[in-house]
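# Descriptive analysis of the structure
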Amino acid sequence: MQKVPKVQKISVLGATGSIGKSTIDVILRHPELFSVFALTANSNIELLLQQAKLCSPEYVVIADPKQFSHAKALFSEHQLTCEVLAGHEALQQVACAPEVDTVMAAIVGAAGLMPTLAAVKAGKKVLLANKESLVMSGDLFIQAANQNNAQILPIDSEHNAIFQCLPVDFKYGDLCSAGINKILLTGSGGPFLTTPMGELHQVTPDQACAHPNWDMGRKISVDSATMMNKGLEFIEARWLFGLEASDIQIVLHPQSIIHSMVQYLDGSVLAQMGNPDMRTPIAHALAFPKRIESGVPPLDFNQLANFSFTEPEADRYPNLALAMQASEAGQYATTTLNAANEVAVEAFLQEKIGFMQIAQVNEQCLQQTSAHDLDTIDAVLESDQTARRLSMNIIEQLSHSSMQRVVS
Ligand code: NAD
Ligand code: MG
């Protein structure tokens, strides 16, 4: 008798975002392989409704509880039968429900930590886009995955590329046995790679969000422009693969066709390539270890003219060095840096501080935070909140002194 393939039931956390939309696009191409258990959004109820019509989920969750009654009314008006839930507890519930096989963790920022961790603790297959959760809770997150047999598959294009270039029997942290001498983490350098340094302080949020190759949410777009994104990815790579800082080299590759590489002792370098479209890593992780169609057009090698590689300039991207220092200093420092950066990016997007002041806020916040142990999730959350308050004070002082300069 022919075996009927099991359909993977998926909760998409952050369904209305850039990664969430790409995930739904891939899922809908393969109804025989995937079905949607839950879709979640922060507050974009209209888009969530459209997505629910296409995916027929069993649950939808609106994180913002103030939107609950509006969401419930709208879904019933459109005669959708899915259950509407609200609030942060509900995000965790749909991440760890027993019916769920796979969780796409695509909420942006620290808000993704608890639902992603709930999925990990429930031993799910976790497709990890929310790098911030790993940056905030590194060891606790990896331990929880090991203790509960959760499978973490990287969605970040670089980490997905590294994963694809590692040997299938790679053991966590053991580069030596695998014959590897370096992980080459690539980055585009963002929209300001060649902008004269003197002009960087006056770039606008819209300019910072106009990434030359990738279409992403605003927070990660700004992080790409400051290269904090590469800094967070450096920390993420260390946790995902068990790497020392010296195992990783950051290489600028402005075309974003190579998504990262693994260099072996014999001189071979394996690269994963593809058009810059997140549906490729999403399809890879959804179907792993099989391969499925993703909707991404194949690379046309007749059109790929110039591949270039350079080193990032330290004074253009101060956030990169800060992230590496934080990674050496330990968990308290990466949690602090992540929180400071979220607050600083939001202040930049609201035009309260300038582009180059994002790194200033991050640096001052790190300097003003003394080392402390973070061995529980409560301690991580407390440290995150402390860093947020501190960063807001730093931003107020920075805005105050710029106002004074304008007045005098
Ligand atoms: P986005 O801003 O486009 O979407 C974020 C999603 O999170 C939305 O669905 C939003 O409703 C939800 N959300 C926001 N705040 C929330 C809150 N407080 N509580 C619950 N839900 C909330 O972001 P994105 O670009 O899709 O990025 C999502 C994650 O994936 C980030 O961690 C980012 O670093 C990572 N990532 C994104 C890309 C990309 O190409 N966009 C690439 C690699 C990694
Ligand atoms: Mg990335």
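One can find the structure itself at the top, above this paragraph.
Only a predicted model underlies this, so the values are computations on that prediction, with no experimental measurement involved. (Residues numbered from 1 in each chain as written. Chains lettered and ligands numbered in written order. Predicted model: local features only at pLDDT ≥ 70, side-chain atom pairs only at ≥ 80, totals over all residues. Heavy atoms only, no water.)

### Digging into the site of ligand 1
Ligand 1 sits among 24 residues. The nearest are T16, S18, N42, E132 and G217. Within the contact set of ligand 1, an oxygen atom lies 3.2 Å away from a backbone nitrogen or oxygen of G14. G17 is positioned such that a nitrogen or oxygen atom in its backbone is 3.1 Å from an oxygen atom of ligand 1. Isolated, ligand 1 exposes 820 Å² of accessible area, and the fraction of that covered by the protein chains is 87%. Breaking the shell around ligand 1 down by element, the ones donating at least two residues are α1 (18–28), α4 (88–96) and α6 (131–147). Taken together, the residues of the shell around ligand 1 break down into 13 nonpolar, 8 polar and 3 charged. (Near = heavy atom within 4 Å. Polar contact = N/O pair within 3.5 Å; in protein donor to acceptor, adjacent residues only side chain to side chain. Areas by Shrake-Rupley, 256 points an atom, 1.4 Å probe, with all protein chains shown as cover. Helix = DSSP H or I, 4+ residues; strand = E, 2+ residues; numbered from the N terminus. Nonpolar A, V, L, I, M, F, W, Y, C, P; charged D, E, K, R; others polar.)

### Considering the environment of D25
The residue D25 is located in helix α1 in this model. When the C-alpha positions of D25 and I183 are compared, they lie 31 Å apart, and in sequence the two are 158 residues distant. A distance of 3.3 Å separates polar atoms of two side chains, one belonging to D25 and the other to R279.

### Description of the nonpolar core
Of all hydrophobic cores here, the largest spans 68 residues; its most connected members are V120, F141, I152, L166, I180, F241 and V262. Ranked by size, the runner-up nonpolar core spans 36 residues in total, among them V36, F75, C82 and A283. (Core = buried A, V, L, I, M, F, W, Y, C linked by side-chain atoms within 4.5 Å. Buried < 20%, exposed > 50% of the residue type's maximum accessible area, 1.4 Å probe, protein only.)

### A few points about the environment of A321
Residue placement: A321 occurs in helix α12 (residues 318–329). With a relative accessible area of 37%, A321 lands in the partly exposed category. Once the C-alpha coordinates of A321 and Q385 are considered, the two residues, 64 residues apart in sequence, prove to be 23 Å apart.

### Some thoughts on the packing of aromatic side chains
For the coordinates displayed, the defined rule picks out 4 aromatic pairs. Where F192 meets F355, the ring centres are 5.1 Å apart and the plane angle is 80°; that geometry is what we call edge-to-face. Here F192 is found in the loop between β8 (180–187) and α8 (205–209), whereas its partner F355 is found in the loop between α13 (331–349) and α14 (357–367), with 163 residues between them in sequence. The structure contains a cluster of three or more aromatic residues connected by ring pairs, namely F192, F348 and F355. (Phe/Tyr/Trp six-rings, centres within 6.5 Å; stacked < 30°, edge-to-face > 60°.)

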